[in-house]
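Results of the structural survey
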Amino acid sequence: MENALTQLIDYELYLFILIVVLGMLFGKLAGWLRLPDVALFLIAGMIFGQAFHWIAEPSSSLTNQFILVIGSTLILFDGGRNIRLSGLKHVWISVTLLSIPGVILTCGAVAAASHWFLGLPWLHALLLGAIISSTDPATLIPVFKQVRIRTKVRETVESESAFNDATGSILTFSLIAILLGTEHVSVASGAWQFVKTALGGLAVGAIIGYAGAFLTAHVKIGFLRDYATILMLAAALGSYLAGEHLGVSGFMATFTAGLIWGNSDVFKLHMEDKKQEMTHFSENVTVLMRMLIFILLGSQVNFPLLLKYVWPSLGIIFVFMFIARPLVVLVCTLPDRKAKWTWREIVFMFWVRETGVIPAALSGMVAGLGIAHADLIASVTFMAVLITILFQASTTAFVARKLGLEEDSGGGGAHGVPSAKPGTQ
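A quick note: this is a predicted structure, and the numbers were derived from the prediction, not measured.

In total, this model carries eight salt bridges according to the counting rule given. For arginine 84, the salt bridge is made with aspartate 265, and the minimal N-O distance between the two is 3.0 Å. Pair noted here: arginine 84 is in the loop between α3 (62-81) and α4 (92-99) and aspartate 265 is in the loop between α11 (250-262) and α12 (272-299), with a separation of 181 residues, a long-range link. The salt bridge partner of arginine 150 is glutamate 345, with a shortest N-O separation of 3.4 Å. Taken as a pair, arginine 150 in the loop between α7 (137-146) and α8 (151-179) and glutamate 345 in helix α15 (residues 343-351) lie far apart in primary sequence, 195 residues in all.

Note on placement: threonine 256 falls in helix α11. For threonine 256, a relative accessible area of 5% corresponds to the buried category. From its side chain, threonine 256 meets the backbone oxygen of methionine 252 in a polar contact 2.7 Å long. Contacts of threonine 256, omitting those with residues within four sequence positions, involve Gly201, Leu202, Gly205 and Ala206.

The next subject is a nonpolar patch on the surface. On the surface, a cluster of nonpolar side chains totalling about 840 Å² of accessible area is made up of Leu5, Leu8, Ile9, Leu13, Phe16, Ile17, Val21, Met24 and Leu25. Following the sequence through the fold, isoleucine 17 ends up in helix α1 (residues 2-33).

Locating glycine 27 in the fold gives a position in helix α1. Among the residues examined, glycine 27 registers a relative accessible area of 23% and is labelled partly exposed. With 327 residues separating them along the chain, glycine 27 and glutamate 354 place their C-alpha atoms 18 Å apart. Beyond its immediate sequence surroundings of up to four residues, glycine 27 is in contact with Leu22 and Phe41.

Let us now look at the state of the cysteines. By the definition in use, this model includes zero disulfides. Left unpaired, cysteine 332 is separated from the closest cysteine sulfur, that of cysteine 107, by 14 Å. Since its relative accessible area comes to 2%, cysteine 332 is described here as buried.

For helix α16 (residues 357-368), with 12 residues, the first-to-last C-alpha span of 17 Å sits near the 16 Å given by 1.5 Å per residue. The element α16 is largely enclosed, with a buried count of 11 among its 12 residues. Among the residues of α16, Val357, Ile358, Pro359, Ala360, Ala361, Leu362, Ser363, Gly364, Met365, Val366 and Ala367 are the ones counted as buried. Among the residues trailing α16, glycine 370 stands out with phi positive, at a value near 75°.

Glancing now at the environment of serine 86. Following the sequence through the fold, serine 86 ends up in the loop between α3 and α4. Between the C-alpha atoms of serine 86 and valine 266, which are 180 residues apart in sequence, the distance is 9.0 Å.

Within the fold, threonine 63 resides in helix α3. Among the polar contacts listed, one links the side chain of threonine 63 to the side chain of glutamate 12, at a separation of 2.7 Å. Apart from the residues within four sequence positions on either side, threonine 63 is in contact with Glu12, Leu15 and Glu57.

Once that is clear, we can look at the confidence of the model for the chain. Confidence along the chain averages 87 in pLDDT terms, with 92% of residues attaining 70 or more. Confidence over residues 409-425 falls short of pLDDT 50; this stretch has 55 contacts with residues more than four positions distant or in other chains.

How two aromatic rings sit relative to each other is given by the distance of their centres and the angle of their planes. Overall, the coordinates contain 12 aromatic pairs when judged by the stated rule. Where phenylalanine 173 meets phenylalanine 251, the ring centres are 5.9 Å apart and the plane angle is 40°; that geometry is what we call tilted. Here phenylalanine 173, found in helix α8, pairs with phenylalanine 251, found in helix α11; they are 78 residues apart in sequence, far enough to count as distant. Judged by relative accessible area, which is 32%, phenylalanine 173 ranks as partly exposed. Owing to a relative accessible area of 2%, phenylalanine 251 belongs among the buried residues under this scheme. Taking the centre distance of 5.4 Å and the plane angle of 40° together, the rings of tyrosine 240 and phenylalanine 251 count as tilted. Residue tyrosine 240 is located in helix α10 (residues 228-245), and its partner phenylalanine 251 is located in helix α11; the two are separated by 11 residues in the primary sequence. Each member of the pair, tyrosine 240 as well as phenylalanine 251, carries the same accessibility label: buried. Grouped by ring-pair contacts, the aromatic residues Phe26, Phe48, Phe52 and Trp54 constitute a single cluster. The cationic tip of lysine 152 hangs over the ring face of tryptophan 341; the distance from NZ or CZ to the ring centre is 4.6 Å.

What counts as what
Residues numbered from 1 in each chain as written. Predicted model: local features only at pLDDT ≥ 70, side-chain atom pairs only at ≥ 80, totals over all residues. Heavy atoms only, no water. Salt bridge = Lys/Arg side-chain N within 4 Å of Asp/Glu carboxyl O. Helix = DSSP H or I, 4+ residues; strand = E, 2+ residues; numbered from the N terminus. Buried < 20%, exposed > 50% of the residue type's maximum accessible area, 1.4 Å probe, protein only. Polar contact = N/O pair within 3.5 Å; in protein donor to acceptor, adjacent residues only side chain to side chain. Contact = heavy atoms within 4.5 Å. Patch = residues over 30% accessible without salt bridge, like charges linked within 9 Å, V, L, I, M, F, W, Y side chains within 5 Å. Areas by Shrake-Rupley, 256 points an atom, 1.4 Å probe, with all protein chains shown as cover. Disulfide = S-S within 2.5 Å. Expected span 1.5 Å × (residues − 1). pLDDT = per-residue confidence, 0-100. Phe/Tyr/Trp six-rings, centres within 6.5 Å; stacked < 30°, edge-to-face > 60°. Lys NZ or Arg CZ within 6 Å of the ring centre and 35° of its normal.

Right under this line is the structure:
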């Protein structure tokens, strides 16, 4: 028994060290090639998992599932922490529409394409749509650090990407509950479940996020200021755990806690002296989580299945990128007269919608649950992540220049919206 435990510990350490070393090397390569690091992490996983077989961690393993949950939680928390509430006052209508009805519309369009091209049953097609319908703050924020976009557009896209991850995860887990038979299928029950899990997660995250910030930053009672970064980590994981135990969305809870924590000054709770320390910690943790999630995902790709369905999958991704996204942006931005969107800004948002960490993590969780067609869903998700990152993230600067949306280094934002806080690297 003791020998088996020692072997298990040795294996877990080997896996962690290997992924971290590969992540650093391929991350540097991504920097030289000026590509998002997650694309190179996927390639690293494919090479050292599929070709050399140095990584052989099944998607259903406890290690893989643990990494997906922890990674998704910390990345979502950091996504919320990097949104400035003051920056949303001119675009909150667009962000709300893009983050909720926009995700639902994207899910429906992808589901229809999946049912048509792959013959997936409707519930499984909807599950695929829910998984890949959200964008990725962990990819977008580093891109926008390299490319200075008009502040109004950048704030909108970054905020949408953080908010819609929570929406996509709620939709996904609602559909998983239906497929596993733990929820009764009806439009009314589905809508109620969505509202309950979303609002419940919002409340849980707000309470835990505020409590953590209060104990850190209150002038008289904030006795944990010396442990601000550690308490931030506990708030992120604790809000997810509390949400799951209470039957609401843990992902929405952790995102909301991050939002409260990152905007603590709004509640007269100031932690400016800890900001650099917490930001540095968050940046390193999110990079580490991206390495673990994407290298493992690349190592688990079912290439025979991927090649078998390559053309139908490309058809789905074409609908996803060139039909669903433009339709959603138009429907969600044109009613927002207050934001005064120009056509150039709208066209830019057509193109910027990278799929990334949360969809990858959700597809891994679905595979781990043994749901029918999970391998096919994971394969399409993998292609969506790789294609959108390689083609969209890598051309963001070019598209911004062509549309005249780049900002001078000293420029302020449209409508006086302040710059975003530092994001993940």
